[in-house]
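Read off the chains here:
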Amino acid sequence: MKYSSLIDFLTRQSAALSKGPVGVILAEDGVELESTIRHHIDLGFPVLLVLGHAAMDLPDDLAADSPTKIYRIDFELNRRDAAPLAINPIIAAVPVGTWLYYCFNAEYLFFPFCESRSIGEVLSFHTEERRASMLSYVIDLYTGDLEAHPNGVDTENAMFDKAGYYALARLDPENHDHPKERQLDFYGGLRWRFEEHVPAQRRKIDRIALFRAKSGLKLRPDHTFNDEEYNTYSCPWHHNLTCATASFRVAKALKFNPGSTYDVHSFTWVNSERFNWSSQQLMDLGLIEPGQWF
């Protein structure tokens, strides 16, 4: 089903958002858009909203063999702060307590045991732990052969960094720059190795990708929320679940942008490893946390 704008969709199909979790895919272009949608269908999302001009070119029968409802919404993503402009009206439109997820095309959600557990199951457990958000690390994927894949994207032989990740205290300017409780800024991957081509405010790899809607909740341009508890990595009592967003977005941008494409001759380095598209690989490297969920 196609809609000419986000307002058009929210006006005509608000009832479609009554059953969560709701996945939102921001289609900046058509690169691996279909594989992104199919991946999240397989995770068990009952509703997927695909926003962007590229969404309008998707085949009508993309989810014909799935119970997932896909809504294609025309939206201008080529502007500053496009993600909050897309996500915040959706937060306001869904029932309070509904779980939401967002990503971009060529990005793929992984949570512990996602090969055998659905997104509904993991969020039910997370809700029982009195958590309203889940931290996601954005793990950069990239091709190992830029000659064969000049746009940096290669799903069949994807690589990623198995080391080089670190965290710094997130300082609170409203409290004399003391560290915020249970919040850290995480770095690594291509944004760290090619930082000279990445603006400082875009170098973090943490994102609150899964969250529950509540009255007044707003996503900010830095992928944090105006409710500080939403930005924490765990509750005060024990470790909680975390997830990962495996993403070709930075690799694609580094090869698309004229300021960086001629300076990047290879993405691989000594700590590159073949990505096997499994949650176990990410858990083994400590990139996602099962918490108390087994």
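What this report covers is the structure whose coordinates are included nearby. Here the structure is a predicted model, which means the values were calculated and not measured.

1. Focus: the overall build of the protein
Helix and strand counts for the protein come out as 7 helices and 13 strands. For 294 residues, the compact-globule formula gives about 19 Å, and the C-alpha radius of gyration of the protein, at 18 Å, lands near that figure. Pairs at least 24 residues apart make up 71% of the contacts formed inside the protein by residues separated by at least 6 positions. Split by element, the accessible area of the protein, about 13,400 Å² in all, is 50% carbon and sulfur. Taken as two groups, the 29 positive and 40 negative side-chain charges of the protein have centres that lie 5 Å from each other.

2. Section: the packing of aromatic side chains
Aromatic rings in a pair are described by how distant their centres are and how their planes are angled relative to each other. Within the structure shown, the criterion is met by 20 aromatic pairs. Ring geometry for Tyr 166 against Trp 192: centres 6.4 Å apart, planes inclined by 75°, an arrangement best described as edge-to-face. Here the residue Tyr 166 occupies a position in strand S9 (residues 166-172), and Trp 192 occupies one in helix H5 (residues 189-193), the gap between them amounting to 26 residues. On the basis of relative accessibility, which here comes to 35%, the residue Tyr 166 falls in the partly exposed class. Aromatic rings pair up to connect Tyr 108, Phe 110, Phe 160, Phe 275 and Trp 277 into one cluster. Lying over the aromatic face of Phe 75, Arg 79 brings its terminal NZ or CZ to 4.8 Å of the ring centre. Above the plane of the ring of Trp 293 lies Arg 117, whose end atom (NZ or CZ) is 4.7 Å from the centre.

3. Considerations on the nonpolar core
With 85 residues, the main nonpolar core has Phe 9, Ile 37, Leu 49 and Phe 211 as its most contacted residues. Look past the residues within four positions of Phe 211 in its chain and what remains in contact with it is Ile 87, Ile 91, Thr 98, Trp 99, Leu 100, Tyr 102, Ala 132, Ser 133, Leu 217, Phe 225 and Tyr 230. Formed by 10 residues, the second largest nonpolar core is a distinct cluster that contains Tyr 142, Leu 146, Met 159 and Val 264.

4. Details of the pairing of strand S2 (residues 22-26)
Of all 5 residues in S2, 5 are buried; the element is thus mostly enclosed. Along S2, one buried face is formed by Val 22, Val 24 and Leu 26 and the opposite face, lined by Gly 23 and Ile 25, is buried too. Sheet analysis places S2 next to strand S3 (residues 47-51), joined by 5 bridges and oriented parallel. Its bridge partner being in S3, Val 24 is matched across the sheet by Leu 49. Regarding topology, helix H2 (residues 33-42) serves as the crossover connection from S2 to the parallel S3, and that connection is right-handed. In terms of strand pairing, S2 meets strand S5 (residues 99-104) through 5 bridges, oriented parallel. If you follow Ile 25 over to S5, its bridge partner there is Cys 103.

5. Regarding the environment of His 238
Of note, His 238 is situated in the loop between strand S11 (206-212) and strand S12 (243-247). Setting aside its immediate chain neighbours within four residues, His 238 contacts Glu 129 and Gln 292.

6. Some words on the pattern of salt bridges
Per the counting criterion, the structure on display carries 15 salt bridges. For Asp 185, the salt bridge is made with Arg 170, and the minimal N-O distance between the two is 2.6 Å. With a gap of 15 residues between them, Asp 185 in strand S10 (residues 178-187) and Arg 170 in strand S9 connect regions that are remote in the sequence. By relative accessible area, which is 9% here, Arg 170 ends up buried. The residue Asp 206 makes a salt bridge to Arg 170 at a minimum N-O spacing of 2.9 Å.

7. Structural notes on the state of the cysteines
Scanning the entire structure with this criterion turns up 0 disulfides. There is no disulfide at Cys 114, and the cysteine sulfur nearest it, in Cys 243, is 10 Å away.

8. Some points on the side chain of Asn 240
Within the element layout of this structure, Asn 240 appears in the loop between S11 and S12. Reaching out from Asn 240, the side chain makes a polar contact with the backbone nitrogen of Cys 235 at a distance of 2.5 Å. Those residues within four positions of Asn 240 in sequence are excluded, and the remaining contacts are His 126, Glu 129, Arg 131, Tyr 233, Ser 234, Cys 235, Glu 289 and Gly 291.

Here is what the cut-offs are and how they apply
- Residues numbered from 1 in each chain as written.
- Predicted model: local features only at pLDDT ≥ 70, side-chain atom pairs only at ≥ 80, totals over all residues.
- Heavy atoms only, no water.
- Helix = DSSP H or I, 4+ residues; strand = E, 2+ residues; numbered from the N terminus.
- Rg over C-alpha atoms; globule rule 2.2 N^0.38 Å.
- Contact = heavy atoms within 4.5 Å.
- Areas by Shrake-Rupley, 256 points an atom, 1.4 Å probe, with all protein chains shown as cover.
- Lys, Arg positive; Asp, Glu negative; His and termini not counted.
- Charge placed at Lys NZ, Arg CZ, Asp CG, Glu CD.
- Phe/Tyr/Trp six-rings, centres within 6.5 Å; stacked < 30°, edge-to-face > 60°.
- Buried < 20%, exposed > 50% of the residue type's maximum accessible area, 1.4 Å probe, protein only.
- Lys NZ or Arg CZ within 6 Å of the ring centre and 35° of its normal.
- Core = buried A, V, L, I, M, F, W, Y, C linked by side-chain atoms within 4.5 Å.
- Pairing = 2+ DSSP bridges.
- Right-handed = clockwise from strand over helix to strand, strands pointing away.
- Salt bridge = Lys/Arg side-chain N within 4 Å of Asp/Glu carboxyl O.
- Disulfide = S-S within 2.5 Å.
- Polar contact = N/O pair within 3.5 Å; in protein donor to acceptor, adjacent residues only side chain to side chain.

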